[in-house]
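Take a look at the letters that make up each chain.
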Amino acid sequence: MASVLNVKESKDSERTVIVAGLPVGLFIDQLLVILVKKHFQDIKNEGGDVEDVIYPTRTKGVAYVIFKEKKVAENVIRQKKHWLARKAGHTELTVSHFSDKIFSSVNAILDLSVFGNEVTLETLVKDLKKKIPTLSFSPLKPNGRITVEGSFLAVKRLKESLLVRASSFLEKNRNFTSEGRKWNRRNPQKNLQRSNNYLVSVRTLVPETARNGEMLVLDTDIFLYLKHRCEFYESTLKKFHILSEEKIDGEITTIYLKNFQVGSQPNNAKHVKELIEEWSHALHLELRKETFILKGKENREKRMIKSACEQLSSRYRGVLTSFYRTHIDIIGSSSDTYLFKKGVMKLIGQKVS
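Attention in this report is confined to the structure presented alongside it. (Residues numbered from 1 in each chain as written. Predicted model: local features only at pLDDT ≥ 70, side-chain atom pairs only at ≥ 80, totals over all residues. Heavy atoms only, no water.)

Here's the deal with the pattern of salt bridges
Evaluation of the coordinates by the stated rule reveals 9 salt bridges. The partner of R15 in a salt bridge is E51, and the shortest N-O contact between them spans 3.1 Å. Taken as a pair, R15 in the loop between α1 (5–8) and β1 (16–20) and E51 in strand β2 (residues 50–54) lie far apart in primary sequence, 36 residues in all. According to the relative accessible area criterion, R15 is buried, its value standing at 18%. (Salt bridge = Lys/Arg side-chain N within 4 Å of Asp/Glu carboxyl O. Helix = DSSP H or I, 4+ residues; strand = E, 2+ residues; numbered from the N terminus. Buried < 20%, exposed > 50% of the residue type's maximum accessible area, 1.4 Å probe, protein only.)

As structure tokens, then:
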């Protein structure tokens, strides 16, 4: 199984692009490699000479394409739309720069127990695997929780699909509850207890904001940087009179947007959603994340690293520093994170690797 390290260690990163959205299970790996190579060698796709295609990788549906020239890689990325060959069903591909940036592969823990009254959870998981084959699913736990891993876009699509499904169930149960109260006036509590319990469960998955507004899903690192380092986020919400509800779930953050001022334009929430998505996409192309591992280090060394990060945070305003028990994340532009890391290493008396 090929790894991203193959590219990191080969000094070919500037000539390498990440290709996501490849059809999984439709072809044998060797044939898919041939199709990918042919696509990116075609001049119609702004392609050129391909040195290597690394596939399969640790992330389903993702390949690394290494060109012989850096210029070709840049041209391919500049081409906004990429569709794989007709025999692959005209699959749309997502092409981006290879780097240590935030988006590559993410994990998310989902609680599917709220769907238990509507469908067998094993059947639901089977349907989800079929619908989004590029995701890897862990075994379903007895409490209904399951871990999924894959590209950010695939996890985003999965979560949006589940929220739509939950909203549909909520509406159906709301109608059922209404009918139940109409025909079972003698003892509505007994007859509708199960339905009402389920209604509460689904409401925890689909907040009121989402049912009456807009919803978008972001990478958590992107969201934290957007909220804490970009004035745009709060100022835009204020400008368009939008109430936001944010739910961080590991590496995925879901944002719910709703008009909170009477008389606001009904499309304001949708407009703000589009603005945030544009900003997050721009940040995705710009940001890079470095991590200082604290786990396993002596307490003295941990204190030195934390102190160095705190000292440099005031100097590098464009870098977001997040402190955790086992590690410290620094997120910013490539140049800022490099200089920040270099500064930390200098302060603790180590060389930059």
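Now that the structure is up, let's keep going.
Overview of the pairing of strand β11 (residues 252–259)
Residues in a regular strand project their side chains so that they alternate between the two faces of the sheet. Among the 8 residues in β11, 6 count as buried, and that is most of the element. When strand β10 (residues 242–249) meets β11, the two strands line up antiparallel, connected through 8 bridges. When the sheet's bridge partners are listed, E246 is paired in β11 with I255. Between β10 and the antiparallel strand that follows it, β11, lie 2 residues; G250 among them carries a positive phi value of about 65°. (Pairing = 2+ DSSP bridges.)

Here's the deal with the sheet that holds strand β12 (residues 287–293)
The strand order β12-β14-β13 describes an open sheet built from 3 strands, whose pairing is antiparallel. Two strands close off the open sheet at either side, each with one partner strand: β12 and β13 (320–323). Put simply, the sheet's adjacent strands are angled 15° from each other on average, direction ignored. Sheet topology note: the β13/strand β14 (residues 327–333) ladder contains 4 bridges and is antiparallel. Looking at the pairing, T321 lines up with I330 of β14. Strands β12, β13 and β14 of the sheet are contacted by helix α11 (residues 299–313), whose axis makes an angle of about 150° with β13. Against the sheet, helix α12 (residues 334–347) makes contact with β12, β13 and β14, and its axis sits at roughly 140° relative to β14, the strand it touches most. (Axes fitted to C-alpha atoms, helices over the stretch in contact; angles between N-to-C directions. Contact = heavy atoms within 4.5 Å.)

Observations concerning the nonpolar core
Ranked by internal contacts, the top residues of the largest apolar core, which has 25 residues, are L112, F115, F137 and L158. Put simply, the parts of the chain that give this core at least two residues each are β6 (106–111), α4 (121–131), β8 (145–150), α5 (152–183), β9 (214–219) and β11. Of all the elements, α5 adds the most residues to this core, at 6 residues. Here this core gathers at least three residues from each of two domains, domain 2 (105–173) and domain 3 (213–287). Setting aside chain neighbours within four positions, we find L112 in contact with L121, L124, V125, L140, G144, I146 and L162. Counting 23 residues, the second-largest nonpolar core is a separate cluster that includes F223, L224, C230 and L283. (Core = buried A, V, L, I, M, F, W, Y, C linked by side-chain atoms within 4.5 Å. Domains from an automatic or database assignment.)

Here's the deal with the sheet that holds β1
On the basis of which strands lie adjacent, the open sheet formed by 5 strands has the order β2-β3-β1-β5-β4 and antiparallel pairing. Because the sheet does not close on itself, it has two edges, and the strands there are β2 and β4 (82–83). For β1 and strand β3 (residues 62–67), the ladder comprises 5 bridges, and the chain directions are antiparallel. Within β3, the residue paired with I18 across the bridge is Y64.

Here's the deal with the packing of α11 against α12
Remark: α11 packs on α12, axes separated minimally by 9 Å, with the N-to-C direction vectors making an angle of 130°. Between α11 and α12, the angle is such that the two are oblique. Crossing geometry of α11 relative to α12 is assigned as right-handed. Note on element contacts: α12 touches α11 through F340, G343, V344 and L347, opposite A308, C309, Q311, L312 and S313. Partitioning the contact of α11 with α12 into residue classes produces 6 nonpolar, 3 polar and no charged. (Parallel < 35°, antiparallel > 145°, perpendicular 65-115°, else oblique. Left-handed = near helix turned anticlockwise from the far one by under 90°. Nonpolar A, V, L, I, M, F, W, Y, C, P; charged D, E, K, R; others polar.)

Remarks on helix α9 (residues 231–239)
Here α9 has its buried residues at F232, Y233, T236 and L237. An end-on view of α9 places all buried positions within 125° of arc, on one side of the element. Away from its buried face, by an angle of more than 90 degrees, α9 presents the exposed residues E231, K238 and K239. Following α9 by one or two positions, H241 has its phi on the positive side, about 55°. (Arc of directions from axis to C-beta.)

Regarding the side chain of T236
Inspection of the secondary structure assignment puts T236 in helix α9. For T236, a relative accessible area of 6% puts it in the buried group. There is a polar contact of 2.6 Å between the side chain of T236 and the backbone oxygen of F232. Those residues in contact with T236 that sit more than four places away from it in its chain are V272 and L275. (Polar contact = N/O pair within 3.5 Å; in protein donor to acceptor, adjacent residues only side chain to side chain.)

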